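Spelled out, the chains give:
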Amino acid sequence: MKQIRSTHSTVGTFLVDDLLTNHTQSLLLPDGRIERFMSLGESECNHFLGDPYYDWGDERGHTKEWYYTASSGSLVGIAFRWGSPRLRGNDHTTVQDVIEFVDFLHQTVRKCPTK
């Protein structure tokens, strides 16, 4: 995964959570990716992913967004609204891109130790 910066456009991105849900349903067995993604916290992402692509400053519940380029070249990202993670992508984002991204997040983002 290669993180993109604000010099790249994310215009036209939208929620692609359904790609992850449909993949899990198509397997007929839970593979844990939805749970892994939904367990991610904004503070952990901020700590392990670094500066966000964009920070909404809590505008209508939106806070921070991080975007990456999958190995296919497609755009994938994670954003938070009302404290919940939201999977982001565009018309070119595939189920395989989502799987790759969630696996990347699972390996990269760890729970921050409490002080």
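Here is what the cut-offs are and how they apply
Residues numbered from 1 in each chain as written. Predicted model: local features only at pLDDT ≥ 70, side-chain atom pairs only at ≥ 80, totals over all residues. Heavy atoms only, no water. Phe/Tyr/Trp six-rings, centres within 6.5 Å; stacked < 30°, edge-to-face > 60°. Helix = DSSP H or I, 4+ residues; strand = E, 2+ residues; numbered from the N terminus. Pairing = 2+ DSSP bridges. Core = buried A, V, L, I, M, F, W, Y, C linked by side-chain atoms within 4.5 Å. Buried < 20%, exposed > 50% of the residue type's maximum accessible area, 1.4 Å probe, protein only. Contact = heavy atoms within 4.5 Å. Expected span 1.5 Å × (residues − 1).

Asker: Quick rundown of the packing of aromatic side chains? Include the residues and the values.
Answerer: Inspection of the entire model under this criterion finds six aromatic pairs. Aromatic pair Tyr53 and Tyr67: ring centres 5.3 Å apart, planes at 80°, arrangement edge-to-face. Here the residue Tyr53 occupies a position in the loop between α3 (42-49) and β3 (54-59), and Tyr67 occupies one in strand β4 (residues 62-69), the gap between them amounting to 14 residues. Judged by centre distance (6.3 Å) and plane angle (90°), the ring pair of Trp66 and Phe80 falls under edge-to-face. Taken as a pair, Trp66 in strand β4 and Phe80 in strand β5 (residues 75-81) lie far apart in primary sequence, 14 residues in all. Every member of this aromatic cluster is reached through a ring pair, and the members are Tyr68, Phe101 and Phe104.

Asker: Please provide a residue-by-residue account of the pairing of β3, values included.
Answerer: In the sheet, β3 pairs with β4 via three bridges, with the strands oriented antiparallel. Residue pairing for β4: Asp55 is matched across the bridge by Lys64. Counting the residues that bridge the hairpin from β3 to β4 gives two residues, and of these Arg60 lies at a positive phi of roughly 50°.

Asker: Talk me through unusual backbone geometry; I want residue IDs and the actual numbers.
Answerer: In the Ramachandran plot, Asp58 falls in the positive-phi region, its phi being about 70° despite a non-glycine side chain. Topologically, Asp58 is positioned in strand β3. The phi dihedral of Trp82 falls on the positive side, at around 55°, and the residue is not glycine. Locating Trp82 in the fold gives a position in the loop between β5 and β6 (84-89).

Asker: Which residues make up the nonpolar core, and what are the values?
Answerer: Among the nonpolar cores identified, the biggest contains 17 residues, and Cys45, Leu49, Ile78, Phe101 and Leu105 are the most heavily contacted of them. Where this core is concerned, the elements lending two or more residues are α3, β4, β5 and α4 (95-108). For this core, the leading source of residues is α4, giving five residues. Once you skip the residues sitting within four places of it in the chain, Leu49 turns out to touch Gln3, Glu44, Trp66, Tyr68, Ile78, Phe104, Leu105, Thr108 and Val109.

Asker: Let's hear about the environment of His47: which residues, and what values?
Answerer: Here His47 is to be found in helix α3. Residue classification places His47 among the exposed positions, given a relative accessible area of 55%.

Asker: Which residues make up α4, and what values do they have?
Answerer: Here α4 is 14 residues long and its end C-alpha atoms lie 20 Å apart, about the 20 Å a rise of 1.5 Å per residue gives. For α4, the set of buried residues is Asp97, Val98, Ile99, Phe101, Val102, Phe104 and Leu105.

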